[in-house]
Amino acid sequence: MKAVQFAEYGGPDVLELNEVAEPHAGPGRIRIAVRAVGVNPHDWRTREGQFQRINPIQLPAGIGQDAAGVVDEVGAGVVGIEVGDSVFGRGSNTYAEFAVLSSWARVPDGTSFAEAAGYPSVVESALRIIRMVGVQPQQTLLVSGAAGGVGSAVLQIARDRGIKVIGTAGAANQDYVRGLGAVATTYGPGWVERVRALGPVDAALDLNGHGVIRGLLDLTGDPDRVVTIADLEAPMLGIRFAGVGGSMPEALAAAVDLIARGKLHIPVDRSYPLAEASAAHADSQAGHTRGRRVLLV
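Just so it is clear, the model here is predicted, and its values are computed rather than measured.

Right, let's get into the domain arrangement of the chain. By domain assignment, the chain separates into domain 1 (2-107 + 267-296) and domain 2 (123-241). Between domain 1 and domain 2, the residue contacts involve 9 residues of the former and 11 residues of the latter. For the domain 1 and domain 2 pair, buried surface summed over both sides reaches about 770 Å², with 45% attributable to carbon and sulfur atoms. At the junction of domain 1 with domain 2, the criterion picks out 0 salt bridges. Viewed at the interface, domain 2 and domain 1 are joined by 5 residue pairs in polar contact (both at pLDDT 80 or more). Among the residues making up the side of domain 1 that touches domain 2, the classes are represented as 1 nonpolar, 4 polar and 4 charged.

Listed below in structure tokens is the structure:
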């Protein structure tokens, strides 16, 4: 089968489409014929080697976590799913024609494979960081980098829970952020003053890591009320970096429920063929995403 791999750490150009052996579903796993793959910052951080000290990998290595497709193998002990079912979820080395998933749910009715592939990691991250920062209904949550995948999920989940949201995003994404139920303002010089003029902030999330941590701390007045998923230097200021650790099965169930109730929709901003994974990574790193970027297989 064809799969994207990298033989050395580096920029997007280290990604190659290679012919590799097919994986197979072991106990408690399923294999899917991949139809779409979610492109996440975790993917290009892995490609750059940012996690090699805490999670060393053997090169050459595959890449990717999120995918949607059609079940074609069911491992021992798996119940409630059959060959031919359409599913989305998390696995490993998903930038490929076939991938093994460790967590999955059925694709909701009316949801495309491309859209479904964009949900797993961003919904899990959104649920986890909202919980970590401790924001409650009727309180105000500031989201820096609100228009991307995780931001889109955070804004909609927060709205469903009765949490007020202020979202910062680029000028081109102001209407998009407002459409997700948040009060929108731009980032860039003067952003702290613009946010402060909108009212007090109870908690804040940094989703893009563009040097905003000190401003978020200034606005909340408490490092325990700020969480980042993007700034690796934040712990030096006493601010928590949200790595991994949430429950993917719970996140997938929550996504299905929210989608079914019409409370969650994350659009696909752009799609790429599998052979253009390097372009998808370059665009993801450049930012300014509105929703999700996915690979189509």
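Leu141 and Val154 are the most contacted members of the largest nonpolar core, which totals 47 residues. Put simply, the parts of the chain that give this core at least two residues each are α2 (113-117), α3 (120-133), β8 (140-144), α4 (149-160), β9 (164-169), α5 (174-179), β11 (203-206) and α8 (248-260). Looking at this core element by element, the count peaks at 7 residues for α3. Apart from residues lying up to four places away in sequence, Leu141 is in contact with Val133, Val135, Val154, Ile163, Lys164, Val165, Ile166, Ala203, Ala204 and Leu205.

Time to look at the pattern of salt bridges. Summed over all chains, the structure comprises 13 salt bridges. Across the pair Glu22 and Arg31 runs a salt bridge whose closest N-O atoms are separated by 2.9 Å. You can call Arg31 buried: its relative accessible area is 6%. Across the pair Glu48 and Arg47 runs a salt bridge whose closest N-O atoms are separated by 3.6 Å. Judged by its relative accessible area of 0%, Arg47 is buried. Salt bridges sharing common partners tie together Glu22, Arg31, Asp72 and Glu73.

Before going further, it helps to spend a moment on the sheet that holds β9. As a general point, the strands of a sheet are linked pairwise by backbone hydrogen bonds and lie either parallel or antiparallel. Strand order in the open sheet formed by 6 strands is β10-β9-β8-β11-β12-β13, with parallel pairing between adjacent strands. Edge positions in the open sheet fall to β10 (183-186) and β13 (240-241), since each of these has one partner strand only. Each of β8, β9 and β11 touches α4; the most contacted strand, β8, lies at about 170° to it. Across the sheet, helix α7 (residues 213-220) is in contact with β8, β11 and β12 (226-228); its angle to β11 comes to roughly 170°.

Read from one edge to the other, the open sheet built from 3 strands follows the order β2-β1-β4, with strand pairing classed as antiparallel. Looking at which strands have only one partner, the edges of the open sheet turn out to be β2 (15-19) and β4 (61-62). As defined by bridge partners, strand β1 (residues 2-6) adjoins β4 across 2 bridges and the pair is classed as antiparallel. Bridge pairing links Phe6 to Ala61 in β4.

Bringing the environment of Glu193 into the picture now. Structurally, the position occupied by Glu193 is in helix α6 (residues 191-196). Looking at Glu193, the relative accessible area reads 52%, which means it is exposed.

Where α3 meets α4, the axes come as close as 8 Å, and the angle between the chain directions of the two elements is 55°. By the angle class used here, α3 and α4 are oblique. The two elements α3 and α4 cross, and the hand of that crossing is right-handed. Mapping the contact onto sequence places Val122, Val123, Ser125, Ala126, Leu127, Ile129 and Ile130 in α3 and Gly149, Val150, Ala153, Val154, Ile157 and Ala158 in α4.

Before going further, it helps to examine the packing of helix α1 (residues 41-48) against helix α9 (residues 277-286). Contact geometry for α1 and α9: axes closest at 10 Å, N-to-C directions at 105°. Viewed along their axes, α1 and α9 adopt a mutual orientation that is roughly perpendicular. Across from Asp43, Trp44, Arg47 and Glu48 in α1, the residues of α9 making contact are His281, Ser284 and Gln285. Here the contact of α1 with α9 is built from residues that sort into 1 nonpolar, 3 polar and 3 charged.

With that settled, the discussion passes to the packing of aromatic side chains. Enumeration over the complete set of coordinates arrives at 1 aromatic pair. Between Phe6 and Tyr9 the ring centres are 6.0 Å apart and the planes differ by 45°, which places this aromatic pair in the tilted class. For Phe6, a relative accessible area of 0% puts it in the buried group. Classification of Tyr9 by relative accessible area gives partly exposed; the value is 25%. The ring centre of Phe98 lies 4.4 Å from the NZ or CZ of Arg31, which sits over that ring.

Cut-offs and rules
Residues numbered from 1 in each chain as written. Predicted model: local features only at pLDDT ≥ 70, side-chain atom pairs only at ≥ 80, totals over all residues. Heavy atoms only, no water. Domains from an automatic or database assignment. Contact = heavy atoms within 4.5 Å. Buried area = accessible area lost by both parts, 1.4 Å probe. Salt bridge = Lys/Arg side-chain N within 4 Å of Asp/Glu carboxyl O. Polar contact = N/O pair within 3.5 Å; in protein donor to acceptor, adjacent residues only side chain to side chain. Nonpolar A, V, L, I, M, F, W, Y, C, P; charged D, E, K, R; others polar. Core = buried A, V, L, I, M, F, W, Y, C linked by side-chain atoms within 4.5 Å. Buried < 20%, exposed > 50% of the residue type's maximum accessible area, 1.4 Å probe, protein only. Helix = DSSP H or I, 4+ residues; strand = E, 2+ residues; numbered from the N terminus. Pairing = 2+ DSSP bridges. Axes fitted to C-alpha atoms, helices over the stretch in contact; angles between N-to-C directions. Parallel < 35°, antiparallel > 145°, perpendicular 65-115°, else oblique. Left-handed = near helix turned anticlockwise from the far one by under 90°. Phe/Tyr/Trp six-rings, centres within 6.5 Å; stacked < 30°, edge-to-face > 60°. Lys NZ or Arg CZ within 6 Å of the ring centre and 35° of its normal.

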